[in-house]
Amino acid sequence: MARTMKVAIVDDEADMRQSVSQWLALSGFDTEAYASAEEALKAIGPDYPGVVVSDIRMPGMDGMAMLKRFMSLDSALPVIMITGHGDVPMAVEAMRLGAYDFLEKPFNPDRMTELAKKATQARRMTLDNRALRRELSDGSVIMKKLIGASPAMERLREDILDLGQADSHVLIDGETGTGKTLVAHALHAVGPRAGKKFVTISCAAWTEDQLQARLFGPVEEGGLPLVDEARGGTLCLEDVEALSHPLQSRLLTLINEQDIPPETRIIAICNQHSPDKTLEDVLRPDLFYRLGAMTIVLPPLRTRGEDILTLFTRMSEQFAEEYGCDAPQVTAQEAAQLLQAPWPGNVRQLVNIAERAVLQNRRGSGSIASLLMADNEASGPALTTEGKPLKDYVEAFERMLIDNTMRRHRGSIVAVMEELCLPRRTLNEKMAKYSLQRADYV
């Protein structure tokens, strides 16, 4: 769900604090007011979920001194300074020190609203990016994102833990939408480089000259080329099959010049190669064998059985929370259709369908079957799943139903028994059969 942004108003004049606070509150902002810089500094920390609007001239610590303190705490915190007549040079200095913008008294309230809106949008993006980086650097968190109890997913998690510790170069292959970038982050997060840089680039997104400059330099806009930025950490090359032969040679030289274990780990991701050509055909052999000594091939979604229902349920519940509505209830027929679908777009396709199913459910129209049909028609010919006995579909649906109900009732056996009309003994037997533990839901 979108985080609520605050606006902190710092001013020693009570009338000014009240008027600015009232105006921004009427404009939909969550405001809080402070009579001094000292008060504001006590309350506002490095990950403050909002922005600051402050007068420059205040007794005690003034706005400029407060700004310097805030910038040392969190240089990305947007601070909007309010200046009196003739204080514009001071405001320009504040901008140099890191202020987001300034307003000169008397200011147009609409201009303040506009600035506050832009600043809170920028702050939300900063905090979301920070949260994502923390999440992607936490091995335990990121492994939980690899949802599924199928044998293929169990093997994948074991491979990630093993290869993550091995610290050598890795090649990740698999169909589009299977989660290869997530696996690359996981390999970095569970290994000895977890606290180091993880630098990623798509080799297909740039021309050859641009890619060479970004990887090896010189970088026109300043900064380090990516091979230097990633030094000591991990360099992730998405769409590695798009590398030209000259750039493959440069990359091979970089790999050969490194010690064992390598100073910079390379994780190469292959996103597409034609059916009549393997990745070994696309990359020069010496580079392929250096990168592909350790390989992970991600399983297609259609081969993962009940994971399909688990993923669909989790994703639809997340989107339902985000949109403030109920998640769609999956019928036995729809569960069978989800399990039988070819899923050419794999997990990415499933996430899109789950979101559209939630939006449909909010409107009270449509069906999961119609979404699947439209998606597969748009995708064109695709691989199909093998037929399964009816018993397998029934058991998969039954497991999903018990799992959903247990989570909804936070592990209350009595509530689950009542909703599903099951005696305790039958419920216990089925939970044991499907490896469902009450402790996981409490």
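Before reading further, recall that the structure is shown in the block above.
Scoring rules and cut-offs
Residues numbered from 1 in each chain as written. Predicted model: local features only at pLDDT ≥ 70, side-chain atom pairs only at ≥ 80, totals over all residues. Heavy atoms only, no water. Helix = DSSP H or I, 4+ residues; strand = E, 2+ residues; numbered from the N terminus. Contact = heavy atoms within 4.5 Å. Pairing = 2+ DSSP bridges. Axes fitted to C-alpha atoms, helices over the stretch in contact; angles between N-to-C directions. Buried < 20%, exposed > 50% of the residue type's maximum accessible area, 1.4 Å probe, protein only. Right-handed = clockwise from strand over helix to strand, strands pointing away. Salt bridge = Lys/Arg side-chain N within 4 Å of Asp/Glu carboxyl O. Expected span 1.5 Å × (residues − 1). Parallel < 35°, antiparallel > 145°, perpendicular 65-115°, else oblique. Left-handed = near helix turned anticlockwise from the far one by under 90°. Nonpolar A, V, L, I, M, F, W, Y, C, P; charged D, E, K, R; others polar.

In this section: the side chain of T405. Tracing the sequence through the fold places T405 in helix α18 (residues 390-408). Residue contacts for T405: discarding those within four places in its chain leaves V416, E419 and L420.

Spatially, the five strands line up as an open sheet ordered β2-β1-β3-β4-β5, and their pairing is parallel. Edge positions in the sheet fall to β2 (30-34) and β5 (101-104), since each has one partner strand and no second. Here the strands of the sheet are splayed against their neighbours by 20 degrees on average, with no regard to which way each runs.

What follows concerns the pairing of strand β1 (residues 6-10). β1 sits mainly inside the fold: four of its five residues count as buried. With five bridges joining them, β1 and β2 adopt parallel strand pairing. What sits directly across from I9, in β2, is A33. Of the crossover connections in this fold, the one passing from β1 over helix α1 (residues 14-26) to the parallel β2 is right-handed. Sheet topology places β1 next to strand β3 (residues 50-55); five bridges connect them, and they run parallel. Along β3, the bridge assignment pairs V7 with V51.

For the rest of this paragraph, the subject is the pattern of salt bridges. Within the structure shown, the criterion is met by 17 salt bridges. Among the ionic pairs, E154 bridges to R157, the shortest N-O distance being 3.5 Å. Here R157 and E154 lie together in helix α7 (residues 151-166), a separation of three residues that amounts to about one turn. Ionic pairing is found between R231 and D228, a salt bridge with its closest N-O pair at 2.3 Å. With a relative accessible area of 28%, D228 lands in the partly exposed category. Linked through salt bridges whose partners overlap, the residues forming this network are D101, R111, E114 and K118.

What follows deals with the pairing of strand β7 (residues 198-202). If a strand is regular, its side chains alternate between the two faces of the sheet. Among the five residues of β7, four are classified as buried, and the element is accordingly described as predominantly covered. Here β7 pairs with strand β8 (residues 234-238) via five bridges, running parallel. Within β8, the position partnered with S202 by the bridge is E238.

Another aspect to go through is the environment of G411. Inspection of the secondary structure assignment puts G411 in the loop between α18 and α19 (413-420). A relative accessible area of 0% means that G411 is categorised as buried. Discounting chain neighbours no more than four positions away, the residues touching G411 are M406, R438 and Y441.

Taking 1.5 Å per residue, 18 residues should reach 26 Å; helix α16 (residues 346-363) reaches 26 Å between its end C-alpha atoms and fits that length. Downstream of α16 by one or two residues, G364 has phi in the positive range, about 80 degrees.

A few words on the sheet that holds β8. Within a beta sheet, neighbouring strands are joined by backbone hydrogen bonds and run either parallel or antiparallel to one another. If you walk across this open sheet you meet the five strands as β7-β8-β9-β6-β10, and the pairing is parallel. The open sheet has two free edges, formed respectively by β7 and β10 (295-297), since each of these has just one partner strand. The mean angle between the axes of side-by-side strands here comes to 15 degrees, regardless of whether they run parallel or antiparallel.

All right, on to the environment of A186 then. Secondary-structure assignment places A186 in helix α8 (residues 180-189). Leaving out residues up to four positions away in the same chain, A186 has contacts with I142, M143, L146 and I160.

Looking now at the packing of α7 against α8. Where α7 contacts α8, the two axes come as close as 8 Å, and the packing angle between them is 45 degrees. With respect to each other, α7 and α8 are oriented oblique. The crossing of α7 and α8 is right-handed. Contacts between α7 and α8 involve L156, I160, L163 and G164 on the former and, on the latter, V183, A186 and L187. Tallied by class, residues from the contact of α7 with α8 come to six nonpolar, one polar and no charged.

These values are about where atoms sit, not about what they do.
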